[in-house]
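So the chains spell out like this:
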Amino acid sequence: MTTLAAAQALWRPETTYLNTATYGLPPQPAWEALQAALADWHGGRTSFEGWVPATQRAREQFALMTGARVDDVAIGANVSGLLGMVAAALPDGTRVVAAENEFTSLIFPFLAQEARGVRVSFVPLERLAETIDASTGVVAFSAVQSSNGAVAALDDIAAAAGQHGALTVVDASQALSWLPLDVTRFDVVAAHAYKWLMSPRGTAFMYLDPGLAERVRPHGAGWFATEDVFSTYYGGPLRLAANARRFDTSPAWFNWIATAPALELINRIGVNAIHEHDVRLANRFREGIGLPPSDSAIVSADSPQAEDAFARAGILASARAGRLRVSFHVYNTDEDVDAALNALS
Ligand SMILES: Cc1ncc(COP(=O)(O)O)c(C=O)c1O
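Residues numbered from 1 in each chain as written. Predicted model: local features only at pLDDT ≥ 70, side-chain atom pairs only at ≥ 80, totals over all residues. Heavy atoms only, no water.

(A) Just the overall build of the chain, in detail. A tally of helices and strands in the chain yields 12 helices and 12 strands. Here the chain has a C-alpha radius of gyration of 21 Å; the compact-globule value for 345 residues is 20 Å, and the two agree. Intrachain contacts of the chain at a sequence separation of at least 6 include 71% that bridge at least 24 residues. In the form shown here, the chain has an accessible surface area of approximately 14,800 Å², with 53% of it arising from carbon and sulfur atoms. Charge-centre separation for the chain: the mean point of 25 positive side chains lies 4 Å from the mean point of 36 negative side chains. (Helix = DSSP H or I, 4+ residues; strand = E, 2+ residues; numbered from the N terminus. Rg over C-alpha atoms; globule rule 2.2 N^0.38 Å. Contact = heavy atoms within 4.5 Å. Areas by Shrake-Rupley, 256 points an atom, 1.4 Å probe, with all protein chains shown as cover. Lys, Arg positive; Asp, Glu negative; His and termini not counted. Charge placed at Lys NZ, Arg CZ, Asp CG, Glu CD.)

In structure tokens, the structure reads:
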């Protein structure tokens, strides 16, 4: 274990970076591992085999962070590609209920099944649990909303889905590492690692309930979906891994090399400690702009002057759905919050 305060020395932001909801900053061990692998590649110093185990290390760390069995975790390049396999496995005519304004990568995989009679209806996030009934086949939602940081009522949604036999499909891209999450309470949990997991773009995970996994086809299977990935790269028959690795697609080596140490560090700090830190900073910022406290690391505010004010002060945040979106993560400090408040005042 390491304390969060000690770990903060492992990041080197050159700006006041309040934009983790867009992309996270790599900790030094991830950055250095990536540079070393790139140098090996540049110099033609090694074969590729040594670049592969980082994928399994990252999978193990994801499992540790989320309570999943390692065998139930698949890896891919993005959320939509992983969820596409789940959406394709739904029976014709399945009714999906999703939150309004969800990020497209979660809902497009289901909307793309429309020709088979799969129907998606949208309701406000806060009405999701009460909307689930016996006709609901799937409830799809982000644990934390991309547009405004709202945290879903995870207990209520899981309970309602359990009561009515609906599958739960969760996008945890904006939640993992700061929101404690036991993924085994849900049927599917997918997440990209380039935001709160502070990894390069191009690494993503999916927890799949083993019962559901039986019904999902590994549409992207290739050499990396086999039981022993190095045994042979040629010819049939189809020989897939027995566990969720059969849903893997071949990894973008260098991205995974940086993802593994990033997740190892997060687990050493601990999600609970990061949760406490991130939400405390977000609430310090909220108080400064006159908002009541909340339970999220992401603050959404109506602040038309923020874009110019932040640009002048060298502060990075983002605008989503016409509002300012500011996010606070492990490398941010009270001074960052105060710099943002000063810029706005
Ligand atoms: C909630 C959520 N899911 C997924 C993604 C990224 O999706 P993909 O991995 O398909 O690029 C984002 C990016 O902003 C997001 O906010």
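(B) Molecular detail of the site of the ligand. If you check the shell around the ligand, you find 14 residues, and the closest are Ser105, Asp171, His192, Lys195 and Arg201. Between the ligand and the protein, one listed contact pairs an oxygen atom with a backbone N or O atom of Ser80 at 3.2 Å. Within the side chain of Ser146, an N or O atom sits 3.4 Å from an oxygen atom of the ligand. Here the ligand, which alone exposes 400 Å², has 93% of that area covered by the protein. (Near = heavy atom within 4 Å. Polar contact = N/O pair within 3.5 Å; in protein donor to acceptor, adjacent residues only side chain to side chain.)

(C) Layout of the sheet that holds strand 11 (residues 318-320). Taken together, 3 strands build an open sheet; the order of strands is 9-12-11 and the sheet is antiparallel. On the outer flanks of this sheet lie strand 9 (298-301) and strand 11, each paired with one strand and no other. Direction aside, neighbouring strands of the sheet carry axes that sit 35 degrees apart on average. Looking at chain direction, strand 9 and strand 12 (residues 323-327) are connected through 4 bridges and run antiparallel. (Pairing = 2+ DSSP bridges. Axes fitted to C-alpha atoms, helices over the stretch in contact; angles between N-to-C directions.)

(D) Looking closely at the side chain of Asn267. Here Asn267 is to be found in helix 9 (residues 253-269). A polar contact is formed between the side chain of Asn267 and the side chain of Gln61, at a distance of 2.7 Å. If sequence neighbours within four positions are ignored, Asn267 has contacts with Met1, Gln61, Leu64 and Met65.

(E) Focus on the environment of Asp72. Locating Asp72 in the fold gives a position in the loop between helix 3 (53-66) and strand 2 (73-76). Note: C-alpha distance between Asp72 and Ala7 (65 residues apart in sequence) is 30 Å. Apart from the residues lying within four places of it in its own chain, the contact partners of Asp72 are Met206, Tyr207, Leu208, Pro210 and Ala244.

(F) Representation of a nonpolar patch on the surface in the model. Residues Phe108, Leu111 and Phe122 make up a contiguous nonpolar surface patch of roughly 260 Å² in combined accessible area. Looking at where Phe122 falls in the secondary structure, it is placed in strand 4 (residues 119-123). Here Phe122 falls in the partly exposed class, since its relative accessible area comes to 34%. (Patch = residues over 30% accessible without salt bridge, like charges linked within 9 Å, V, L, I, M, F, W, Y side chains within 5 Å. Salt bridge = Lys/Arg side-chain N within 4 Å of Asp/Glu carboxyl O. Buried < 20%, exposed > 50% of the residue type's maximum accessible area, 1.4 Å probe, protein only.)

(G) Spotlight on the nonpolar core. Counting 74 residues, the largest nonpolar core has Trp11, Leu128, Phe141 and Phe205 as the members making the most contacts within it. Ranked by residues supplied to this core, first place goes to helix 9 with 10 residues. Residue contacts for Phe141: discarding those within four places in its chain leaves Glu102, Leu106, Leu128, Ala152, Leu154, Ile157, Val169, Val170, Asp171 and Phe186. Formed by 29 residues, the second largest nonpolar core is a distinct cluster that contains Ala98, Ile107, Val138 and Ala140. (Core = buried A, V, L, I, M, F, W, Y, C linked by side-chain atoms within 4.5 Å.)

(H) Molecular detail of the packing of aromatic side chains. Evaluated as defined, the whole model comprises 18 aromatic pairs. Relative to Trp223, the ring of Phe48 lies with its centre 6.1 Å away and its plane at 85 degrees, an arrangement referred to as edge-to-face. Taken together, the residues Phe48 in the loop between helix 2 (28-43) and helix 3 and Trp223 in the loop between helix 8 (210-213) and helix 9 connect sequence positions 175 residues apart. For Trp223, a relative accessible area of 26% puts it in the partly exposed group. Every member of this aromatic cluster is reached through a ring pair, and the members are Trp41, Phe48, Trp51, Trp223, Phe224, Phe230, Tyr233, Tyr234, Trp253 and Phe254. (Phe/Tyr/Trp six-rings, centres within 6.5 Å; stacked < 30°, edge-to-face > 60°.)

(I) Layout of the pairing of strand 12. Across the 5 residues that make up strand 12, a large majority, 4, are buried. Relative to strand 12, strand 11 runs antiparallel, the two sharing 3 bridges. Across the sheet, the residue bridging to Ala319 is Leu324, located in strand 12.

(J) Inspection of the pattern of salt bridges at higher detail. Applying the stated criterion across every chain yields a total of 10 salt bridges. Asp92 serves as the salt-bridge partner of Arg116, at 2.6 Å between the closest nitrogen and oxygen. Pair noted here: Arg116 is in the loop between helix 5 (104-111) and strand 4 and Asp92 is in the loop between helix 4 (79-88) and strand 3 (95-99), with a separation of 24 residues, a long-range link. In this structure, Asp334 and Arg280 form a salt bridge, with 3.0 Å as the shortest nitrogen-oxygen distance. With a gap of 54 residues between them, Asp334 in helix 12 (residues 334-344) and Arg280 in helix 10 (residues 271-288) connect regions that are remote in the sequence. The structure contains a network of salt bridges with shared partners spanning Arg280, Arg284, Asp334 and Asp338.

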